[in-house]
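Spelled out from the first residue to the last, the chains are:
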2 protein chains.
Amino acid sequence: MYSLVFTSESSAGGIRERDFTVGGVPGVLWSPSAGADGAPLILMGHGGGNHKKHPAMAGRARLLVLGCGFHVAVIDAPGHGDRPRTAHDEAEIADLFRAREAGEPEGPIVVRYNAHLAEQAVPEWRATLDALQALPEIGPDGPVGYFGINMGTAIGVPLVASEPRIKAAVLGQHWPDVLAEQAERITVPIEFVMQWDDEHISREEGLALFDAFASEQKSLHVNSGRHKELPRFEAESAVRFFARHFGTRS
Amino acid sequence: MYSLVFTSESSAGGIRERDFTVGGVPGVLWSPSAGADGAPLILMGHGGGNHKKHPAMAGRARLLVLGCGFHVAVIDAPGHGDRPRTAHDEAEIADLFRAREAGEPEGPIVVRYNAHLAEQAVPEWRATLDALQALPEIGPDGPVGYFGINMGTAIGVPLVASEPRIKAAVLGQHWPDVLAEQAERITVPIEFVMQWDDEHISREEGLALFDAFASEQKSLHVNSGRHKELPRFEAESAVRFFARHFGTRS
């Protein structure tokens, strides 16, 4: 087991932010400045091309920490943020840009590359969760959730499927290829988002992935608009979803 | 124009409840006990077999009045609540119970009967809205919303399609027959609910009605479960939808 090493710490506006590494993987842990002991932990997966402190991550963490009193952790995915890109990463990204430029479908490349990243990221997440639960302010008994859209779902679906400590998840905006079969093994409550006018992921594909989850309690939120137009209020909905399942502490 | 006649009034826990009639149609108006002048007005349509003060109506009204400071009005649909049933009503209800008993699809009967009720209910709603807006505490300028599921959608879709004063609506759980064509004329923001395991309305039918709305801003909330298992948290979501579009006053 890798231990967690804190590399920096700051605190502002009721939020304590600590950078860390676990086995060389860099992450960030956001917690309430006070009263955080034993609070639920939400793991968040960032989108493709982004990183652990992207404004979308910091904004969602803020809602979860200040609104619910939860801990929130994000790690950089392989080839993202503060992590080096391999030659394979560079080749896949170049192929994606080439397809985009040529007006070809991005799906097959993104699905293939995300599946490759997930193979590496899932064990990294499990090691990170082990190390986070070894911290006295988190501990092994509190509920754990997962929240990740796009690439965060490509990594999140196999993670949630294989990790019994994760008790609820917010996912969405991904193709069902690769993931649907893993989703069939997931039974925890799910909130899933998709865009009705997504230019990359068809309605049928989005609905097929939602349908695949074996969860008795699952909700789908569809909004009009294109792939990148997911409304901001869905982040607030995700926070309420976790609050409903885990309770709030503030 | 019919005027509104108040027939009884009570007040408890911050909510003022006034029964009224407009042209013989009985209704109820719930308002904040204080500070209600010029507040937005939400018209709510009850479900088939229910009535204006069904617990679902009173509960949603409570959230809207106490949570947002809005006025909320419900009228009994034709043949419902305090209104007499015609021989046609009796025959349709008997046919529905016969189909249910025989295990036949209820859809064709409900679609046909609801369309018949909507023809009468839409002008009743417009007269009620005229009369409500003539009250000094509501007035003609505040935003108006509509919230109705099931039969409340069968009446709500033609009402919203023909009534430019209604600026946002929460609808859902109905077949697209009859309604889809009317929904194509609706452009105001919509939140729409459906049940993923509805034993009466297929997924394709629910999605087709959602798809029909011409609204630039529309959201679909799908939940696992059967027709009658719509989760309670969708009422809270509807309240937030109106608060987002109309602002809150409390």
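Residues numbered from 1 in each chain as written. Chains lettered and ligands numbered in written order. Predicted model: local features only at pLDDT ≥ 70, side-chain atom pairs only at ≥ 80, totals over all residues. Heavy atoms only, no water.

Asker: Help me understand the side chain of A:Ser31 in this model?
Answerer: All names here are of chain A. Within the secondary structure, Ser31 is located in strand β3 (residues 25-32). A polar contact of 2.8 Å, which involves the side chain of Ser31, links it to the side chain of His71. Look past the residues within four positions of Ser31 in its chain and what remains in contact with it is Gly14, Ile15, Arg16, Arg18, Ala36, Val65, Phe70 and His71. (Helix = DSSP H or I, 4+ residues; strand = E, 2+ residues; numbered from the N terminus. Polar contact = N/O pair within 3.5 Å; in protein donor to acceptor, adjacent residues only side chain to side chain. Contact = heavy atoms within 4.5 Å.)

Asker: What should I look at first to understand the relation of the copies chain B and chain A in this one?
Answerer: Each of the two copies of the chain can be brought onto the other by a rotation about an axis and a shift along it. Superposing chain B onto chain A takes a rotation of 180° combined with a translation of 0.0 Å along the rotation axis, leaving an RMSD of 0.0 Å. These values place the two chain copies in the arrangement generated by a two-fold rotation axis. Scanning chain B for the C-alpha nearest the rotation axis identifies B:His221, at a separation of 2.4 Å. In this assembly, 100% of the residues forming the interface of chain B have copies in chain A that are likewise at the interface, indicating an isologous arrangement. (Least-squares fit on C-alpha atoms with pLDDT ≥ 70 in both.)

Asker: Would you explain the interface of chain B and chain A in this entry?
Answerer: Note on interface size: it is often stated as the accessible area lost on association of the parts. With 17 residues of chain B at the interface, the matching set in chain A holds 17 residues. A salt bridge links A:Arg203 to B:Asp211; its shortest N-O distance comes to 2.9 Å. Here chain B is connected to chain A by twelve residue pairs in polar contact (both at pLDDT 80 or more). Of all the secondary structure elements, the ones that give two or more residues to the side of chain B that touches chain A are α6 (203-212), β9 (218-223) and α7 (233-246) of chain B. Counting residues per element, the side of chain B that touches chain A draws most heavily on β9(B), at six residues. Looking at the side of chain B that touches chain A residue by residue, the classes come out as six nonpolar, five polar and six charged. Direction of pairing for strand β9 (residues 218-223) of chain A relative to β9(B): antiparallel, over a ladder of five bridges. Bridging from a neighbouring strand, A:Leu220 pairs with B:Val222 of β9(B). (Salt bridge = Lys/Arg side-chain N within 4 Å of Asp/Glu carboxyl O. Nonpolar A, V, L, I, M, F, W, Y, C, P; charged D, E, K, R; others polar. Pairing = 2+ DSSP bridges.)

Asker: Would you mind showing me how to read the pairing of strand β4 (residues 41-45) of chain A here?
Answerer: Strand residues, when the strand is regular, have side chains that alternate between the two faces of the sheet. Residue and element names in this part refer to chain A. Along β4, five of the five residues are buried, which leaves the element largely enclosed by surrounding structure. Of the two faces of β4, the one holding Leu41, Leu43 and Gly45 and the one holding Ile42 and Met44 are both buried throughout. Pairing analysis gives four bridges linking β4 to strand β5 (residues 71-75), with the strands arranged parallel. Its bridge partner being in β5, Leu43 is matched across the sheet by Ala73. In this fold, the crossover linking β4 to β5 by way of helix α1 (residues 55-68) has right-handed handedness. (Buried < 20%, exposed > 50% of the residue type's maximum accessible area, 1.4 Å probe, protein only. Right-handed = clockwise from strand over helix to strand, strands pointing away.)

Asker: How should the packing of aromatic side chains be read in this particular structure?
Answerer: For any pair of aromatic rings, the description rests on two quantities: the centre-to-centre distance and the angle between the ring planes. A full pass over the atoms with the stated rule returns 16 aromatic pairs over all chains. Just above the ring of A:Phe210 sits the side chain of A:Lys218; from NZ or CZ to the centre is 4.9 Å. (Phe/Tyr/Trp six-rings, centres within 6.5 Å; stacked < 30°, edge-to-face > 60°. Lys NZ or Arg CZ within 6 Å of the ring centre and 35° of its normal.)

Asker: Help me understand the state of the cysteines, please; the structure alone is not making it clear to me.
Answerer: In a disulfide, the sulfur atoms of two cysteines are held together by a covalent bond. Taken as a whole and assessed by the stated rule, the structure comprises zero disulfides over all chains. The structure places no disulfide on A:Cys68, whose sulfur is separated from the nearest cysteine sulfur, that of B:Cys68, by 20 Å. By relative accessible area, A:Cys68 is classed as buried at 2%. (Disulfide = S-S within 2.5 Å.)

Asker: I tried to follow the pairing of β3(A) on my own but got confused; where do I start?
Answerer: Residue and element names in this part refer to chain A. Counted residue by residue, β3 has eight buried out of eight residues, so it is predominantly covered. By the alternation rule, side chains of β3 split into Val25, Gly27, Leu29 and Ser31 and Pro26, Val28, Trp30 and Pro32, which are all buried. Relative to β3, strand β2 (residues 15-22) runs antiparallel, the two being bridged by eight bridges. Along β3, the bridge assignment pairs Arg18 with Leu29. Where β2 folds back onto β3 in an antiparallel hairpin, the turn is made up of two residues, including Gly23, whose phi is positive at roughly 60°. Pairing between β3 and β5: four bridges, direction antiparallel. In the sheet register, Gly27 faces β5, and the bridge partner there is Ile75.

Asker: Please clarify how the environment of B:Gln195 should be interpreted in this entry.
Answerer: Residue and element names in this part refer to chain B. In this fold, Gln195 is placed in strand β8 (residues 190-195). In this structure the C-alpha to C-alpha distance between Gln195 and Ala131, which are 64 residues apart in sequence, comes to 35 Å. Those residues in contact with Gln195 that sit more than four places away from it in its chain are Gln173, Asn223, Ser224, Gly225, Arg226, His227, Glu229, Leu230 and Pro231. One polar contact links the side chain of Gln195 to the main-chain carbonyl oxygen of Glu229, over a distance of 3.3 Å.

Asker: Is there a simple way to explain the environment of B:His245 in this structure?
Answerer: Residues and elements named next belong to chain B. Looking at the element boundaries, His245 is found in helix α7. His245 gets classed as partly exposed once you look at its relative accessible area, which sits at 29%. For the pair formed by His245 and Pro140, sequence separation is 105 residues and the distance between their alpha carbons is 18 Å. Beyond its immediate stretch of four places on either side in the chain, His245 contacts Pro189 and Gln217.

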